[in-house]
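Architecture and fold: a report
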Amino acid sequence: MKFSDFIPILLTPLFLALMFFGIVYSDSKIYIHLTRYFQGVALNPPAGWLSSRPLIPLLVSPIAFFLDMPFAWGILNTFFWIGSTFLIYSITNHIMRSRNAALSSAILLSSAPPALLYFGSVMLEAGATFFAFLTLWLYLKFRNERKLLFVPILAGVGLLAKESTLPVVLSIVLLGLIDKEYRKTIKFTILLAIPAIVWQTYTTLAFGENYITHYLRAGIEYSQTRYSTPFYSDLIDILKALALGHFPLGAAAVLIGFINTSDRKLNLNFYALLIPALASYAAWPFRDLRIAVVTYYATMPVAGLGLEEISISLGSKPLLNKIGLRNIKILLYIVNISASILYVYTNLGRFSPPWEIYLFAPSSLKAGL
């Protein structure tokens, strides 16, 4: 990675985190309770969330002994925000063999509205995104290393951040099938699954809770309460939430990147990433802006390529070609970041800097929609 890429990849999420830091939503109380459980303060855990989402509250708990809870969460999630930006750069560069596309995907990720709303807040989206990216990156980087058994097991621990990390496992299987690396992929996937299997066995026996019971309660039952149907399927709302999750330039960039790619192997890799991600997005009983995050490991590499296509196309136009390709990219980055900030600020009604954290934000399901 060149220094010219390193600086914007680091500073973009850091700058945005200073504006949207430590936000506490109504859902945050569940994760604060779970953090206190791991600290030994709360006696009874929220069992459904303990079974499916234990990792981030566990990691926050020692930090929260020394810092206020929202600040502790903000610190850790800002680290995940920055880490996710570097990881998507590496993943995109590995798949596309293009530093330019990699930088574009990193900027699009770090400035997407769900990142501003949730990546620095008392929520799980930053950690879940980070560990989904880490799992995919470890597979791409170390799948040929036979002796590094700890790598897939380490990645498997990361999957306990949230159930939304699980689609990346299916994408890894599909990537292995495309590359005809059957034994390596099976071995990696089995080792990857061990931490989740062990944890799910424990929570099932101890609390009667697991991924299935959590899906039924937090998904099906909530959808029944919210929409009077166990599975909400308004196509307009579904597409709107997905598009807003990539607002403003990401949605168009994904489509352009996918449509304009003629390389067969690259298209197969896109399918391996996109199909499980979009299927898991569709499988959740209701949609909102936050749930679009589950697709990021698949959509952002494609969006990075698409934004490059947009930049090159604009650079070939009369008058615009006088600006120069590099300056066009910078302008697109500024437009994307500025529009996202404006959109999120309009919905939240205020900023949330570390010295004045927004403690009573609207429901996370309503923010941004």
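Core analysis: the largest hydrophobic core is formed by 110 residues, its most contacted members being Ile 56 and Leu 136. With sequence-adjacent residues up to four places away left out, Leu 136 is seen in contact with Ile 91, Val 168, Ile 172, Leu 175, Leu 273 and Tyr 297.

In this approach a probe as big as a water molecule rolls over the atoms, and the regions it shows empty are the leftover space. Throughout the structure, instances matching the rule amount to one cavity of 30 Å³ or more. Lining the largest cavity are Ala 128, Thr 129, Ala 132, Phe 133, Ser 164, Thr 165, Val 293, Val 294, Tyr 296 and Tyr 297. For the lining of the largest cavity, the element with the most residues is helix α8 (residues 125–142), which contributes four residues. Across the lining of the largest cavity, the residue classes tally to seven nonpolar, three polar and no charged.

One number sums up the size of the largest pocket: a volume of about 760 Å³. If you list the elements that add at least two residues to the lining of the largest pocket, you get α2 (28–39), α8, α12 (211–227) and α15 (264–283). The dominant element in the lining of the largest pocket, judged by the number of residues it contributes, is α12, at six residues. Partitioning the lining of the largest pocket into residue classes produces 18 nonpolar, five polar and nine charged. Volume-wise, the second largest pocket comes out at about 310 Å³. Lining the second largest pocket are Leu 239, Leu 242, Ala 243, His 246, Ala 251, Val 254, Leu 255, Phe 258, Leu 274, Leu 278 and Thr 299.

Looking at the protein chain as a whole, the pLDDT averages 93, with 97% of positions reaching at least 70. Within the protein chain, helix α4 (residues 55–63) carries the highest mean pLDDT (98), whereas helix α13 (residues 235–244) carries the lowest (89).

Geometrically, the link from Phe 247 to Pro 248 is a cis peptide bond, its omega value of -5 degrees lying close to zero. In this structure, Pro 248 sits in the loop between α13 and α14 (250–259). The phi angle at Arg 97 is positive, at roughly 60 degrees, despite the residue not being glycine. Inspection of the secondary structure puts Arg 97 in the loop between α5 (69–96) and α6 (99–110). Classification of Arg 97 by relative accessible area gives exposed; the value is 66%. Of note, the phi angle at Lys 180 is positive, near 60 degrees, even though the residue is not glycine.

Further remarks concern the environment of Pro 57. Its place among the elements puts Pro 57 in helix α4. What makes Pro 57 buried here is its relative accessible area of 0%. C-alpha of Pro 57 to C-alpha of Met 123: the two residues are 66 residues apart in sequence and 9.4 Å apart in space. Leave out the neighbours within four places in its chain, and Pro 57 touches Tyr 31, Leu 34, Thr 35, Phe 38, Trp 73 and Leu 124.

Its 20 residues give α15 an end-to-end C-alpha distance of 28 Å, which sits within 8% of 28 Å, the value for a rise of 1.5 Å per residue. Taken together, the buried positions of α15 are Leu 266, Asn 267, Asn 269, Phe 270, Ala 272, Leu 273, Leu 274, Pro 276, Ala 277 and Tyr 281. Tucked into the core, α15 has its buried residues touching α5, α8, α10 (167–178), α13, α14 and α16 (296–315). Its side-chain oxygen at 3.2 Å from the backbone nitrogen of Lys 265, Asp 263 defines the N-terminal cap of α15.

Before going further, it helps to spend a moment on the packing of α8 against α10. Between α8 and α10, whose axes approach to 10 Å, the crossing angle comes to 20 degrees. In this view, α8 runs roughly parallel relative to α10, as classed from their interaxial angle. For α8 against α10, the interelement crossing comes out right-handed. Facing α8, whose interface residues are Ala 132, Thr 135, Leu 136, Tyr 139 and Leu 140, α10 presents Val 168, Ile 172, Leu 175 and Gly 176. Residue composition of the contact of α8 with α10, grouped by class: seven nonpolar, two polar and no charged.

Position of Asp 234 relative to the elements: it lies in the loop between α12 and α13. With a relative accessible area of 32%, Asp 234 lands in the partly exposed category. Expressed as a C-alpha distance, the spacing of Asp 234 and Phe 286, which sit 52 residues apart in the sequence, is 9.1 Å. A polar contact of 3.1 Å, which involves the side chain of Asp 234, links it to the backbone nitrogen of Ile 236.

The rules behind each value
Residues numbered from 1 in each chain as written. Predicted model: local features only at pLDDT ≥ 70, side-chain atom pairs only at ≥ 80, totals over all residues. Heavy atoms only, no water. Core = buried A, V, L, I, M, F, W, Y, C linked by side-chain atoms within 4.5 Å. Buried < 20%, exposed > 50% of the residue type's maximum accessible area, 1.4 Å probe, protein only. Contact = heavy atoms within 4.5 Å. 1 Å grid on protein atoms, 1.4 Å probe; cavity = no way out; pocket = protein on both sides within 12 Å on 5 of 7 lines; lining within 4 Å. Points joined across faces, edges and corners; volume = space filled by probe spheres on them. Helix = DSSP H or I, 4+ residues; strand = E, 2+ residues; numbered from the N terminus. Nonpolar A, V, L, I, M, F, W, Y, C, P; charged D, E, K, R; others polar. pLDDT = per-residue confidence, 0-100. Expected span 1.5 Å × (residues − 1). Polar contact = N/O pair within 3.5 Å; in protein donor to acceptor, adjacent residues only side chain to side chain. Axes fitted to C-alpha atoms, helices over the stretch in contact; angles between N-to-C directions. Parallel < 35°, antiparallel > 145°, perpendicular 65-115°, else oblique. Left-handed = near helix turned anticlockwise from the far one by under 90°.

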